[in-house]
Amino acid sequence: MFNEVILSGRLGKLEHLQLRGDPETDNCKCYFDVASSYYSKTTEEQYTDWIQCKAWGNLAKRFVNNARKGMLIEVKGRLKNETL
């Protein structure tokens with residue numbers, strides 16, 4: 001697989017973390033934000049990139065039940081650019 005991404009960071013605010021769809025048939029999804037921070041070598045300042053992620057099905061149900069703001073998480077998936 002060529003389009004594989006592993007992202008690690010802290011889970012952001014949980015206002016968008018809602019299960020959408022039908023959880024009974026596993027036809028559901030959830031959105032969440034992951035913060036990835038880094039330091040600039042030239043200015044020595046910290047910068048944060050917020051990446052919006054989406055989980056589907058049974059994984060989405062487990063994630064919504066167990067996720068807490070500030071948790072260190074690792075996401076493995078594919079990168080896709082979407083307009084919401």
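Before reading on, note that the structure itself is shown above.
Position numbers for residues start from 1 in each chain and track the written sequence from start to end. In keeping with the model being predicted, local features are shown solely for residues with a pLDDT of at least 70 and side-chain atom pairs are shown and tallied solely at 80 or more, while totals for entire chains, interfaces and linings include all residues. To get the side-chain values, take all heavy atoms of the structure and skip hydrogens and water.

Explain the pairing of strand β4 (residues 46–56) to me, and be specific about the residues and the numbers.
The pairing of strand β3 (residues 27–39) with β4 spans eleven bridges and is antiparallel. Pairing of Val34 across the sheet is with Ile51, part of β4. Strand pairing is assigned whenever DSSP identifies at least 2 bridges connecting the two strands. Numbering goes from the N terminus for both helices and strands, where a helix is a DSSP run of H or I of at least four residues and a strand is a run of E of at least two. Between β3 and β4, which follow one another and run antiparallel, lie six residues, and Glu44 among them has a positive phi close to 55 degrees.

Can you lay out unusual backbone geometry for me, pointing to particular residues and giving the numbers?
Not every positive phi belongs to a glycine, and Glu44 is a case in point at roughly 55 degrees. When you line up the elements, Glu44 lands in the loop between β3 and β4. The exposed category is assigned to Glu44, whose relative accessible area is 68%. Exposure is judged per residue with a 1.4 Å probe applied to protein chains only, and the accessible area is read against the type maximum: over 50% gives exposed, under 20% gives buried, and values in between give partly exposed.

How would you summarise the pattern of salt bridges if you had to cite specific residues and measurements?
Any Lys or Arg side-chain nitrogen found within 4 Å of a carboxyl oxygen on Asp or Glu counts as a salt bridge. Inspection of every chain in the model, using the stated rule, returns one salt bridge. A salt bridge links Lys76 to Glu4; its shortest N-O distance comes to 3.7 Å. Of this pair, Lys76 sits in strand β5 (residues 72–77) while Glu4 sits in the segment before β1 (5–11), placing them 72 residues apart in sequence. Its relative accessible area of 59% is what places Lys76 among the exposed residues.

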